[in-house]
Structures are given as C-alpha cells and as structure tokens.
Amino acid sequence: MKLVTVIVDRNIQMDSEGFTYFCDENISCKSGQRVYVQFGQVKKDAKLNEKNFEVGLVIDVYETNLSREEYENLKGFKLKDIIKVLDEDPIMTENMMDFAKNLSNYYKTSLATVISTMFPPVMKVKKSALKHTKGRKISYLELGGNNNYSLLSEKQLDLINKVKTEDVLANSYKDRVYAQFLVQNNYLKVVERVVLNDKKLYELDFSKDESSELVTLKNKLIQTDKNINLVSFLSLNKSISLMLDMAKENYSISQSTLIIVPSLGYLNYIYSVFNNYFDDVDIYHSSMSDTEIYQTYEEIKNKEKSIVIATQIGAFLNIKNLRTILVLNAEDVSAYKRDGAPTYRYLDVFMKKVKHEENCKLFLLSKAPTIELYAYAKTKKIGDFAMKSKESSSSLVIDMTSPNEQVEGFSTFSQTLLDKIDETIKRNNQVILVENRKGYSSLSECSECGTILKCETCNSPLIYYKKGDKYYCNHCHTYLSSMEVTCKKCFSQDFEQIGFGMDKTVEDLNRLRPNYSIQTLTADVKDNEVKKLIYGFNENKFNILVATNAVLNVPNYKNVGLIAFINADLGLSIPFYNSEEIIYQNIVNIGDKLSKGGALLIQTYNKEFNLFKYALTNDYEHFFEEQLKQRKQIFDPPYSKQILIRLKNTNSRSVFNDSFLIKRFLVNHISDFANIYGPNIPYISREGGKYIINILIKYKEFDKISSCLDKLKSIKISYNTKMLLDMDPVSI
C-alpha cells in the first residue's frame, strides 16, 4: 500500500508536521508535487467537489506492507485519499526538500512552516494560491487608425513620432489639448497594458573599477576551493565592479549568478548598473505583486543561465547552473534577519544553501565584516580575502565635554562642527549629519515627580514631536496628543524634554545657521520620495541632509564633503554583545558615502573609547582583537552560538511562571553543554499588550542541545503563553 505525507495550510497555521493520506496505485504521486486532498469532516450525503478539497504539498511517498484496514486499526483513524495531482512536475526538487528539512531542524520550526516561506504566494500550499492575481495596469498611447497627418501641428506630429518609437504614458499627456485632439480623432488611442516586474532605473554616477588589484582578487575568488568566502574591506564601487566581473565570467560559460542586496534602494541602483552591461537581468523582491513574484520565479527557474539581483527572499529561488552567490553588505545583520518563525539569519541560510547546490560558491562582501565572520575567516573555517582601500579621508573625534567646543544655549553642535559645516558649504560641497534618533527629544520627564513618560502598551519611553505637539511610540507606532498625556504617578501634564533627536538638531541648526537649506531622511520616507530627495541633494538644491541610519539605504550620493555623527554615543548602552560592532560598521559604511577628500567627524562624550579611533582610521584589525578579548571572557560569538527564547502573555504572572518552568527544564537537560541566562525582562518589556520574558542560551555544539529544543513544545505551559525560538538573535 502506498502512503503519502502531505502538508496543508492548517499545518502552517498550527506549526505542525504533515498528515498521512492513501494514494491509489493508479495515481502517480511524487514528493514535491501539489495535490488535492480532503481535509476535515464532510457530511455523509455531501458531494465531493473542489469546495471540499484542500491543496496540499507532498513531502514524502512510501510503501507499507499493511493493508489499508490493518493500518487504520493500528493508527486509530480512517485514511483519506489523494484526490488529484495538480503539478505535472514537482515544484520542489529533492535538493530543495533536503534544504527545507535542514532549515526545519536548525530553526526548530515545522517543515510546513519552513516550506511556506520558500515559495511565491501563488505557489503556496493553499487553495487561493491557484488563482493568479492580476498585475498592475498602466495606460499607454498607441497609434490609431487615422493616418492622414497633413493637417496636424508640429507638436502633434512630434507626439505621433514619439509614440512610434517608444512607450508613452497616457497620463503624461491627458491634460494637453493637442493630445486630446489626436485621441478624439483616432490618430492615437489609449490602451491598458498589464505591467509585470516593473524595473526602476537610477540616474547613475558609477565608474567601474578596472584596477589590476581588483582583477587579481576576482581571479583568486574564481579559483578558490572554499564554498563559503568572506571578502573584506571593499568599498561599494569596488564591490559592484567585482560583482560585474564575476557575473560576466559566469555568463560567458553559461553559468548563473545570484546577487543579494540589503534594501530596495541598492537593488534598483545595482540593476541600473548591470542594465548597461547585460540585456537580460532579473530582479526579485518582496515589494513586487504576487503575480510579478510568481512570473519572475518561473522565468528564472526555466532559464539555463541567469543573472538575478534580489533581496534576501532570493535565498529560495530555484536557479539552474548556479555558480556564484554574492551578498552585498554582509555585515548588515538587521537587514538579513527575518522577524517571526522561522527566525532566519539569512547569511546562515545562504551558507546552508550552497551545501545543497552543486558547484556553487558563496561570497560575502563587506566593508566592515562582523566579528563572527572575520573570526571564521581567520581560523580558515571559510575563505579569507581582503582588499584594503588606499583612499583616506580626514577625520576628527570631537570631545563634547570640552569647554572650547560648547556653543552657548545649544547642546547639539560643537563649535568645530559648525566651522566645518561652514567651510564645506563655502566649497560648494554637501553635508550629511547623522542623528539616529527621531523626534525632538529622547525622554519626557514629569516636572513634578520625575517619572519618565512611557507607552502603556510596550513600556518603552514615548518620544516627543514638537511639530504637532504629540508623543510617539517607536515600537507600537501610535501617537498621543499632548492633551492626552498624563503622568501615571502624580497626574501632572507638565513634562520636561530631556536629550535631543533629529527635530531638535534641525531646529538648532536653523537657529545657528538660518541661511542654510536643510532636509531630513528617515526610514519612514517612501521610496519615491527618497529618490526625489536624493536627486535634489545631489543636484545641490539644498545644502544639508539630516538623516538617521536610513542614509545607508541610499547608494548614490554626489559631492559629499562632510559627514558628521551628531551623537555617536547612541547605542553604546545597549546590553548586547554586538552593540559596539554595529556602531563601528555604521561609521565605516556611512563614511563610505564621502566624496574624495571629504571629512568624517564624530561628536562624543566618551572620547576615550578606542571604538571611535578605530572606526575613523579604518583600523579593523585592532578593533577585531579588542572585541575578541571581550567576547572570550563572557562566552559570546564567535566563541559560542546563541538562542533567545522569548515568551509572551497578557498575564504577567503566567508568563513568569512559565519562564521558570522552561528554565528548570533547560537546566536539567543541557546545563552540561550550554550556559543558560534568565529569565529576564527585556528593555521593551511589553508588545501589543503582552508581557515579555527572555531566556538566553549560549552553546558550542548544536547537536548536543538539539533534542532538548525539540522537546520544549511538550512542556505544559499556559495556553495563552506564546513561545518563539530566535536562533542567532541580533538584538534583545
């Protein structure tokens, strides 16, 4: 008797494994195919039709010597039948299935849930996925039936000739009387086209690096026998040049290249570069429509050789003859981390992927690599390649505690920074000021009793926005007007603003230098607005850009003569092992936006910190050695791996009790192989009205704790307590 294990949408919702079905010998059913199955109770007299069926994915096909009746008696349930096979060929290859099982085991998430993240929406295991959604419709002008042009004006003839040679958007001419005349008299007609995979082109300021050093590096990478390789200290220009050279090499021998980027801004920019060198480049990202994603997925799957530029979801593309995966800005751990189960750290996903791809190599390109990756490279666990930059910028650490730097009445700007801004603008160069805190102030303190104003939902400090006189929670994304805010201790509505954010920085600069033109950039600004903003900045429409770390998401800046960090200390107090590493990376990567001869400045109240000296001088080696010593003492990566167990419940007592229950279980089972910390209350102690408790595990060998992690779900905790295992957390 042939039996089949099938996962359906219910498995994904429940984070459970598949169900067993009977498969008739006349039905050819293979692992990786989608099938129609009956799921749940159906009335005796009901007719079986598609309304009663669920779409499932076959994950295993096997034989048993038992008869159907014997099997049903043994298991205690009635077997249901495979109704119909929906795919001629499996949508999931054997390699992909092995890859999914590997991820399922490591991330301690059901195979059903892992597989649900691997496919475009229209290929998922659910009935609605069989109905392909429509793409975006755009109206264009096309030639009509009237070709008697003798009486037309010069403008009208120009428009007709333009329509003959290129795509012309109807909306661009909808208010032009001469164009309306052409449409009304059938010289032109308006037609709607379904647009799929709309690719945006950037105006380029890119000059390919043709240096002999880069050619040598490319040749070394091609010849390496390591499957996973770190390529350190490359500027963005050198990284893109290297990617171009490797893609050309692969394409010439009918091999494929996958390029992974951290954001949509980088994707569009790099696509614009590659578009000048190749005729057929695919892009793939989660902002595309369902149909665009499906169409692109299928096109790439059927090509013999491809060049694909994608965000992190490109990890699950099915690419033929894949020879090279290149990950840009591999140090950007937050961009390459997935929220929710499975908690992928995508760099680890790519490392697992190359093991399931024949003759494929992974190259992690990084201007400032993570300590963990660099340690792996130095201990020969992965390939180690580097290219030190010869370019240097002038740099300066400004001590904000010095009386000589204080500007009377202002806490945000030092005198040295103001002087540097003046010098830069006099040279007709642009200025970027980095202030990674939105809003006007960092804290609001009750003037009567000193209580800090916090969000009722998540307990994080509310941020005051002077414009609109309102308070905002950066985590819950909710606003409160100043009239709605009251101190919970003494009921006062009088609050003093402490510290400063971006709005205070802009206000102070406007008062100190009223003649300068200033704009702001945060992660909240939409993509189209970012493009307009950066175009204006590059064209010198305004002098100064005040930005959060969102400045990193834009690859193409021109004529930047000064970059200054207003408050470089921000982030030093975060209690996690990689906080200094992230600050170092931000300084180095944002500093890479400087034009040649530009200056990089840091304002700090902790001038004695070696971190700032190392970052400004690109002295990664000393920074690396110092970080290694610190991490070895407290058993942090690369000396350990980490798992964060996060518990949530609306009842604080229940979640506390459950956390100690889990802690005891872990201590009893893995204390010989791992260090267990907590339970602890995190800085953001509530989320969506639920109390949060964390337990941190540090370990060396996954195999020794894996079976214990599998048993966590069997612990009888409160029904309303939700547990998430965050493998390799990037923050707490």
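See the structure shown above.
What counts as what
- Residues numbered from 1 in each chain as written.
- Predicted model: local features only at pLDDT ≥ 70, side-chain atom pairs only at ≥ 80, totals over all residues.
- Heavy atoms only, no water.
- Helix = DSSP H or I, 4+ residues; strand = E, 2+ residues; numbered from the N terminus.
- Rg over C-alpha atoms; globule rule 2.2 N^0.38 Å.
- Buried < 20%, exposed > 50% of the residue type's maximum accessible area, 1.4 Å probe, protein only.
- Contact = heavy atoms within 4.5 Å.
- Areas by Shrake-Rupley, 256 points an atom, 1.4 Å probe, with all protein chains shown as cover.
- Lys, Arg positive; Asp, Glu negative; His and termini not counted.
- Charge placed at Lys NZ, Arg CZ, Asp CG, Glu CD.
- Pairing = 2+ DSSP bridges.
- Axes fitted to C-alpha atoms, helices over the stretch in contact; angles between N-to-C directions.
- 1 Å grid on protein atoms, 1.4 Å probe; cavity = no way out; pocket = protein on both sides within 12 Å on 5 of 7 lines; lining within 4 Å.
- Points joined across faces, edges and corners; volume = space filled by probe spheres on them.
- Polar contact = N/O pair within 3.5 Å; in protein donor to acceptor, adjacent residues only side chain to side chain.
- Patch = residues over 30% accessible without salt bridge, like charges linked within 9 Å, V, L, I, M, F, W, Y side chains within 5 Å.
- Salt bridge = Lys/Arg side-chain N within 4 Å of Asp/Glu carboxyl O.
- Expected span 1.5 Å × (residues − 1).

### Looking at the overall build of the protein chain
Stage number 1. When helices and strands are counted, the protein chain shows 20 helices and 33 strands.
Stage number 2. Computed over C-alpha atoms, the radius of gyration of the protein chain comes to 29 Å, within 12% of the 27 Å expected from 2.2 N^0.38 for 732 residues, which places it in the range of a compact globule.
Stage number 3. Projected onto its principal axes, the C-alpha positions of the protein chain cover 90 × 90 × 60 Å.
Stage number 4. Looking at the protein chain as a whole, 53% of its 732 residues are labelled buried.
Stage number 5. Intrachain contacts of the protein chain at a sequence separation of at least 6 include 74% that bridge at least 24 residues.
Stage number 6. Looking at the protein chain as shown, the accessible area adds up to about 35,400 Å², and 46% of this sits on carbon and sulfur atoms.
Stage number 7. Counting 96 positive and 91 negative side-chain charges, the protein chain places the averaged centre of each group 2 Å from the other.

### Digging into the pairing of strand β19 (residues 430–434)
Stage number 1. The buried fraction of β19 amounts to five of the five residues, a majority that puts the element mostly inside the structure.
Stage number 2. Residues Gln430, Ile432 and Val434 of β19 are buried on one face, and the alternating residues Val431 and Leu433, pointing to the opposite face, are buried as well.
Stage number 3. Across five bridges, β19 lies against strand β27 (residues 560–565) in parallel orientation. Along β27, the bridge assignment pairs valine 431 with leucine 562.
Stage number 4. Bridge count for β19 against strand β26 (residues 544–547) is four bridges, and the pairing is parallel. Residue pairing across strands places leucine 433 opposite valine 546, the latter belonging to β26.

### Looking at the sheet that holds β27
Stage number 1. The strand order across the open sheet formed by six strands is β16-β28-β27-β19-β26-β25, and the pairing between neighbours is parallel. Across the chains shown, the open sheet's two edge strands, defined by having one partner strand only, are β16 (394–399) and β25 (518–521). Adjacent strand axes in the sheet meet at a mean angle of 20°, parallel and antiparallel pairs treated alike.
Stage number 2. On top of the sheet, helix α14 (residues 502–512) reaches β19, β25 and β26; it is set at about 170° to β25, its chief contact.

### Concerning empty space enclosed by the protein
Stage number 1. One pass over the structure, following the stated rule, counts three cavities of 30 Å³ or more.
Stage number 2. Looking at the largest cavity, its volume works out to about 160 Å³.
Stage number 3. Contributing to the lining of the largest cavity are 16 residues, with Val333, Arg345, Thr370, Glu372 and Leu373 lying nearest its centre.
Stage number 4. Of all the elements in the fold, those that place two or more residues in the lining of the largest cavity are α11 (346–355) and α12 (371–378).

### Some thoughts on the side chain of asparagine 543
Stage number 1. Positionally, asparagine 543 belongs in the loop between α15 (527–538) and β26.
Stage number 2. A distance of 3.0 Å separates a polar atom in the side chain of asparagine 543 from the backbone nitrogen of serine 517.
Stage number 3. Those residues in contact with asparagine 543 that sit more than four places away from it in its chain are Ile425, Gln430, Val431, Tyr516, Ser517 and Phe537.

### Side note on a nonpolar patch on the surface
Stage number 1. A grouping of Phe656, Phe660 and Ile681 is seen on the molecular surface, where their side chains present a nonpolar patch of about 290 Å² in accessible area.
Stage number 2. Mapped onto the elements of the fold, phenylalanine 656 is located in helix α19 (residues 652–670).

### Remarks on the environment of leucine 562
Stage number 1. Inspection of the secondary structure puts leucine 562 in strand β27.
Stage number 2. On the basis of relative accessible area, leucine 562 is assigned to the buried category, the value being 0%.
Stage number 3. Residues leucine 562 and lysine 648, 86 residues apart in the sequence, show an inter-C-alpha distance of 45 Å.
Stage number 4. Beyond its immediate sequence surroundings of up to four residues, leucine 562 is in contact with Leu417, Lys420, Ile421, Thr424, Gln430, Val431, Ile432, Leu594, Ala599 and Leu601.

### Considering the pattern of salt bridges
Stage number 1. Taken as a whole, this structure holds 28 salt bridges when the rule is applied.
Stage number 2. The partner of lysine 108 in a salt bridge is aspartate 710, and the shortest N-O contact between them spans 2.9 Å. Here aspartate 710 lies in helix α20 (residues 703–711) and lysine 108 lies in the loop between α3 (94–107) and α4 (111–116), a separation of 602 residues in the sequence.
Stage number 3. Residue classification places aspartate 710 among the partly exposed positions, given a relative accessible area of 47%.

### Digging into helix α8 (residues 236–252)
Stage number 1. The end-to-end C-alpha distance of α8 is 24 Å, a good match for the 24 Å that 17 residues give at a rise of 1.5 Å each.
Stage number 2. α8 sits mainly inside the fold: 12 of its 17 residues count as buried.
Stage number 3. Among all positions in α8, only Leu236, Lys238, Ser239, Ile240, Ser241, Leu242, Met243, Leu244, Asp245, Met246, Ala247 and Asn250 are buried.
Stage number 4. Looking one or two residues past α8, serine 254 carries a phi angle of roughly 60°, positive in sign.

### Some thoughts on the environment of lysine 189
Stage number 1. In this structure, lysine 189 sits in strand β8 (residues 188–195).
Stage number 2. Residue lysine 189 is classed as partly exposed on the basis of its relative accessible area, which comes to 39%.
Stage number 3. Along the backbone, lysine 189 and lysine 690 are 501 residues apart, and their C-alpha atoms lie at a distance of 57 Å.
Stage number 4. Apart from the residues lying within four places of it in its own chain, the contact partners of lysine 189 are Tyr140, Leu141, Glu142, Leu143 and Gly144.

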